[in-house]
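Per-entry structural report
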Amino acid sequence: MTRAGRPGPEDGPDRLYTVTRGRSRASTDAFDVVTLIVTERPPVPGMQSEHARILRLCEQPTAVVEVAAELRLPISVVKILLGDLLEAGQITARHPRFVPRAQLPDLDTLKQVLHGLQRL
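Computed from a predicted model, the values in this text were never measured in an experiment.

Thresholds applied
Residues numbered from 1 in each chain as written. Predicted model: local features only at pLDDT ≥ 70, side-chain atom pairs only at ≥ 80, totals over all residues. Heavy atoms only, no water. Core = buried A, V, L, I, M, F, W, Y, C linked by side-chain atoms within 4.5 Å. Buried < 20%, exposed > 50% of the residue type's maximum accessible area, 1.4 Å probe, protein only. Helix = DSSP H or I, 4+ residues; strand = E, 2+ residues; numbered from the N terminus. Contact = heavy atoms within 4.5 Å. pLDDT = per-residue confidence, 0-100. Pairing = 2+ DSSP bridges.

**A closer look at the nonpolar core**
Counting residues in each nonpolar core, the largest one holds 19 residues, and the members touching the most others are Phe31, Ile37, Ile54, Val78, Leu82 and Ile91. Broken down by secondary-structure element, the contributors of at least two residues to this core are α2 (49-57), α3 (64-71) and α4 (75-87). Element by element, the count of residues in this core is highest for α4, at five residues. With sequence-adjacent residues up to four places away left out, Ile37 is seen in contact with Phe31, Cys58, Gln60, Pro61, Thr62, Val64, Leu82, Ile91, Thr92 and Ala93.

**Re the confidence of the model for the protein**
On average, residues of the protein score 79 in pLDDT, and 70% of them are at 70 or above. Counting interchain partners and residues more than four positions distant, the pLDDT-below-50 stretch residues 1-9 has eight contacts.

**As for the sheet that holds strand β3 (residues 91-94)**
Reading across from one edge, β2-β1-β3 is the order of the three strands in this open sheet, with antiparallel pairing throughout. The open sheet is flanked by β2 (62-63) and β3, the only strands paired with a single partner. As paired strands, strand β1 (residues 36-39) and β2 are joined by two bridges and run antiparallel to one another. Bridge pairing in β2 places Ile37 opposite Thr62.

Shown next as structure tokens:
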């Protein structure tokens, strides 16, 4: 990207084609934008520069969307790169855990708590 934040010639489709080695889709569906990525092994000499940057960036759990923003690459490209690293065992993908609907308190209980708090 240029300093003004506009795409420059180095950010065109040719570069993205090279970065992904011509692939247009990730080899796995293991990633969504909120999946947390954690590095398992440090970068090694000779590694693709984008892979090495991801490994350095994800020493602490980092969301896929944050990785894409930091690298200034489309999420689709980042997912392809992450797929490479996952297959090589260099990262772990951690999905956020959602509370199943059955474990949420029922609406009547929440209303009673709200009314109790309002009376204080």
